[in-house]
Amino acid sequence: RTVAGGKNMNTKKRKDLVRDQVIFALFAAIVLLMAFTPIGLIDLPIIKATLLHVPVIIGSVILLLSFAILLLSISLLMQKNKDKIHSLLMLGYNTATVSRPYIQIVVIVNVIAFIVSAISMIVFRIIYYAEIQAMVQDNSSVWLSVFVGMMLATAISIFNIISICRKVKKAFWI
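So, here is what we can say about the structure in this document. As a convention, each chain's residues are numbered from 1 in the sequence order in which they are written. Given that the model is predicted, a residue must reach a pLDDT of at least 70 before its local features are reported, and side-chain atom pairs must reach 80 or more before they are shown or counted; all residues, however, enter totals for whole chains, interfaces and linings. As a rule here, side-chain values come from all non-hydrogen atoms in the structure, and water together with hydrogens is ignored.

1. Here we look at helix α4 (residues 95-127)
By definition, any uninterrupted DSSP run of H or I lasting at least four residues is a helix, any uninterrupted run of E lasting at least two residues is a strand, and each is numbered from the N terminus. In this scheme, a helix's expected span is set at 1.5 Å multiplied by one less than its residue total. Over its 33 residues, α4 extends 47 Å from the first C-alpha to the last, a length consistent with the 48 Å expected when each residue adds 1.5 Å. Bend at a given residue is defined as the angle between two axes, one fitted to the seven residues that end at that position and one fitted to the seven that begin there. In the structure, α4 departs most strongly from a straight axis at P101, where the bend amounts to approximately 40°. Classification of residues uses two cut-offs on accessible area relative to the type maximum, computed with a 1.4 Å probe and protein chains only: under 20% is buried, over 50% is exposed, and between them is partly exposed. For α4, the set of buried residues is V98, S99, Y102, I103, V106, N110, F114, A118 and R125.

Right, here's the structure in full:
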C-alpha cells in the first residue's frame, strides 16, 4: 500500500518514528546540558535561577495542549453521539446517567496522566538527587510538587466534567 506521495506506508511510519526519537533526544540533551553544566545557571543576587525552566515551560505548554486535545476528543465523541444522547434524555434518563461514561473517561485519563507524571518526577528526583544537591542547596520536598500537580489535575478534571454536563444538557435542546 502507498500513501499520497507514492511512498510505502511502512517507510513513512519509520521516518515519523525516527523524527520523534530525534526530537526526544534533542530535548533530553538540552535538559542534561542545562542541568549538569554551568550553562544552565544564572546567578542572581536574590535567587539562583536556571535556564532549565525553558524546557519545563515547553513541557507545560505541551501538557496543556494535551489536555485541550482530550477535551476536544471528548467533545467530538459527544457530537458524534448527539442524537443518541438526545434520545436517551427524551426516554427519561437524567443528565448524570447519560454523561457518566464521558466523565469516567476524562477522570481515568487524568488520573493515569497524574500518576505517571508523579511517579516519573519522584523516580528522577531519587536518581539525580545527589547531582541536584551538588549544584543547588535545595532541601525542598517533592510532596509540594505532587500536591500542586494533584490540584491542577483536579481542576482540569472539574473543568472537563462541567463542560461534559453542559454539552449533555445542550443535546436535550436539539
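2. A closer look at a positive patch on the surface
Patches draw on residues past 30% relative accessible area with no salt bridge. Two like charges within 9 Å are joined, as are two nonpolar side chains (Val, Leu, Ile, Met, Phe, Trp, Tyr) within 5 Å. Here the accessible surface of atoms and residues is derived via Shrake-Rupley with a 1.4 Å probe, and residues count as covered only by protein chains that are part of the display. For this document, the term salt bridge refers to a Lys or Arg side-chain nitrogen within 4 Å of an Asp or Glu carboxyl oxygen. When charges are counted, neither His nor the chain ends are considered; positive counts come from Lys and Arg and negative counts from Asp and Glu. Charged groups are reduced to one reference atom each: NZ for lysine, CZ for arginine, CG for aspartic acid, CD for glutamic acid. On the surface, a cluster of positive charge is made up of R166, K167, K169 and K170. Tracing the sequence through the fold places K169 in helix α6 (residues 142-172).

3. Structural notes on a nonpolar patch on the surface
Taken together, L32, F36, V107, V111, I115, I119, V123, F124, I127 and Y128 make up a surface patch of nonpolar side chains, about 850 Å² in accessible area. Listed by contribution, the elements that provide at least two residues to the nonpolar patch are α1 (9-36) and α4. Tallying contributions element by element places α4 first for the nonpolar patch, with 7 residues. Residue placement: F124 occurs in helix α4. Accessibility expressed as a relative area gives 47% for F124, which makes it partly exposed.

4. Quick word on the packing of helix α3 (residues 82-90) against α4
For helices, the fitted axis covers only the stretch in contact; all axes are lines through C-alpha atoms, and the angles between them, taken along N-to-C directions, range from 0 to 180 degrees. In the contact formed by α3 and α4, the axes pass within 9 Å of each other and the chain directions differ by 150°. Compared by their axis directions, α3 and α4 come out roughly antiparallel. Between α3, through I85, L88 and L89, and α4, the contact on the second element is made entirely by T95, V98 and Y102. Of the residues that constitute the contact of α3 with α4, the class distribution is 5 nonpolar, 1 polar and no charged. Oblique is the label for every angle not falling under 35 degrees (roughly parallel), over 145 degrees (roughly antiparallel), or within 65 to 115 degrees (roughly perpendicular). Throughout, a residue-residue contact means that at least one pair of heavy atoms, one from each residue, lies within 4.5 Å. In this classification, Asp, Glu, Lys and Arg are treated as charged, Ala, Val, Leu, Ile, Met, Phe, Trp, Tyr, Cys and Pro as nonpolar, and every other residue, Gly included, as polar.

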